[in-house]
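Take a look at the letters that make up each chain.
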Amino acid sequence: MGDLRDNKIEIDPRKLVLTAGATSANEILMFCLAEPGEAFLIPTPYYPGFDRDLKWRTGAEIVPVHCSSSNGFRITRAALEKAYQGARKRNLSVKGVLVTNPSNPLGTTMSRNELGALVDFVVAKDVHLISDEIYSGTTFDSPRFVSVTEAIEGRAHVSDRVHVVYSLSKDLGLPGFRVGAIYSNNEAVVAAATKMSSFGLVSSQTQYLLSALLSDEEFKGNYTGENQKRIKQRHDRLVQGLGRSGISCLKSNAGLFCWVDMRHLLRSNTLEGEMELWREIVYEVGLNISPGSSCHCDEPGWFRVCFANMSAETLDVAMRRLQDFVASGRARDGDSRQRKKPILGKWMLTLSSSDRRSERGC
């Protein structure tokens, strides 16, 4: 964690709690910081799994902070305030804000000024801040990654309300190992999280193996540098491929995905129009992408496209398929040929629509 933050902060191992992956870490923090029925604000678009990870067993609520494409989906004080007041009108007690930095699904990092403004907000509202930083090692371009722990240096009076989630799944490509961590200056949170981590321990064998691996300084340095280089190459390959189809992406500098703008391909600027295009791309083109609405984006036509979980050749095939689809005009010509819709698609649509109905009731 220190190396990926350019050793600008000192990581105290006594403030670390190991968990079975970041999913477990986030859920434990919800149990520690919120009672059932209390809420956390999360800027949109956000990782769809949070609706499961943070809510299902804890009983906590999520209040989306709707961000806009007009400023690159950056978090603003006005958007935070609007979401906070909306939660108050629903008689929800807001216990904190959760952000992903680098962002999933945007692939962007937060600046020091943005982090400072976010910390100012949580201090003003007397709530907590969780920074999910599991993609910190994937930053492949400027600006450099700035951790919230770095942003609060010299602000000791706020450190006990700021908590970091980390994992080796993305930075070392080890999702199946289930190794995550909570880092907090709050002694009560560390104590409670340590007790709760007993329900999701990291095996002794895994700890032994990773201890040996992470002690190899030469390997760590080589791996991180090469990984970031390859991520950038694959990112650029995707962006160029999409560009040949007349499709643009939000400018990004981290992550394993791009936030892709397909608004011009919609038949109607509605959620239904987005889902219609998504079905065509999944069932006809054969590409597995995520609609923006699954990330609670309220602007139809944005999609998350992953690029790091396939070979370069497979990515090229995907880009040719998409290029043919766009060139054929099927995206907007009203072609509604009968096609088979797998049960999985119906399940996903049902979950997405129920979440949106709940959100509209906010």
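- Going by what an unreviewed UniProt entry lists, the chain is known as 1-aminocyclopropane-1-carboxylate synthase and is assigned to Musa troglodytarum.
- For the record of the chain, the UniProt heading Sequence similarities (unreviewed entry) holds the text "Belongs to the class-I pyridoxal-phosphate-dependent aminotransferase family."
- Under the UniProt heading Cofactor (unreviewed entry), the note attached to the chain is "pyridoxal 5'-phosphate".

**A look at the overall build of the chain**
Next up, step 1: Helix and strand counts for the chain come out as 11 helices and 11 strands.
Next up, step 2: Scaling as 2.2 N^0.38, a compact globule of 362 residues should have a C-alpha radius of gyration of about 21 Å, and the chain matches this with 21 Å.
Next up, step 3: Projected onto its principal axes, the C-alpha coordinates of the chain cover approximately 60 × 55 × 35 Å.
Next up, step 4: Going through the 362 residues of the chain one by one, you find that 50% of them count as buried.
Next up, step 5: Long-range contacts, defined as pairs at least 24 residues apart, comprise 75% of the intrachain contacts of the chain with a sequence gap of at least 6.
Next up, step 6: Counting only carbon and sulfur atoms, one obtains 51% of the accessible surface of the chain, whose full area is about 17,100 Å².

**Some words on the packing of helix α8 (residues 217-244) against helix α10 (residues 312-328)**
Next up, step 1: In the contact formed by α8 and α10, the axes pass within 9 Å of each other and the chain directions differ by 15°. In terms of orientation, α8 lies roughly parallel with respect to α10. Viewed along their axes, α8 and α10 form a crossing whose handedness is right-handed. Contacts between α8 and α10 involve R234, R237, L238, G241, L242 and R244 from the former and A312, L315, D316, M319, L322 and Q323 from the latter.

**Things to note about the UniProt feature "domain: Aminotransferase class I/classII large" (unreviewed entry) in the chain**
Next up, step 1: Taking the UniProt record as the reference, the feature "domain: Aminotransferase class I/classII large" (unreviewed entry) is found at residues 5-322.
Next up, step 2: Taken end to end, residues 5-322 is 39% helix and 16% strand, and its first and last C-alpha atoms sit 38 Å apart.

**Structural notes on empty space enclosed by the protein**
Next up, step 1: Within the structure shown, the criterion is met by 1 cavity of 30 Å³ or more.
Next up, step 2: By volume, the largest cavity is sized at about 190 Å³.
Next up, step 3: Around the largest cavity, the lining comprises 17 residues; the ones closest to its centre are F73, I75, T100, S103 and L106.
Next up, step 4: Mapped onto the lining of the largest cavity, the elements with two or more residues apiece are β2 (39-43) and β4 (94-100).
Next up, step 5: Residue classes in the lining of the largest cavity are distributed as 10 nonpolar, 5 polar and 2 charged.

**Regarding the confidence of the model for the chain**
Next up, step 1: Across the chain, the average pLDDT comes to 89, with 91% of residues at 70 or higher.
Next up, step 2: In the predicted structure, residues 336-340 sits below a pLDDT of 50 and forms 6 contacts with residues beyond four places in sequence or in another chain.
Next up, step 3: When the criterion is pLDDT under 50, residues 346-362 qualifies, and its contacts beyond four places in sequence or with other chains add up to 17 contacts.

**With respect to the pattern of salt bridges**
Next up, step 1: One pass over the structure, following the stated rule, counts 20 salt bridges.
Next up, step 2: For the salt bridge of K220 with E217, the shortest nitrogen-to-oxygen distance reads 3.4 Å. Placement of the pair is K220 and E217 together in helix α8, with a separation of 3 residues, close to one helical turn.
Next up, step 3: Through salt bridges that share partners, D3, E217 and K220 make up one connected network.

Rules and cut-offs
- Residues numbered from 1 in each chain as written.
- Predicted model: local features only at pLDDT ≥ 70, side-chain atom pairs only at ≥ 80, totals over all residues.
- Heavy atoms only, no water.
- UniProt positions renumbered as here; feature names shortened; annotations may be inferred.
- Helix = DSSP H or I, 4+ residues; strand = E, 2+ residues; numbered from the N terminus.
- Rg over C-alpha atoms; globule rule 2.2 N^0.38 Å.
- Buried < 20%, exposed > 50% of the residue type's maximum accessible area, 1.4 Å probe, protein only.
- Contact = heavy atoms within 4.5 Å.
- Areas by Shrake-Rupley, 256 points an atom, 1.4 Å probe, with all protein chains shown as cover.
- Axes fitted to C-alpha atoms, helices over the stretch in contact; angles between N-to-C directions.
- Parallel < 35°, antiparallel > 145°, perpendicular 65-115°, else oblique.
- Left-handed = near helix turned anticlockwise from the far one by under 90°.
- 1 Å grid on protein atoms, 1.4 Å probe; cavity = no way out; pocket = protein on both sides within 12 Å on 5 of 7 lines; lining within 4 Å.
- Points joined across faces, edges and corners; volume = space filled by probe spheres on them.
- Nonpolar A, V, L, I, M, F, W, Y, C, P; charged D, E, K, R; others polar.
- pLDDT = per-residue confidence, 0-100.
- Salt bridge = Lys/Arg side-chain N within 4 Å of Asp/Glu carboxyl O.

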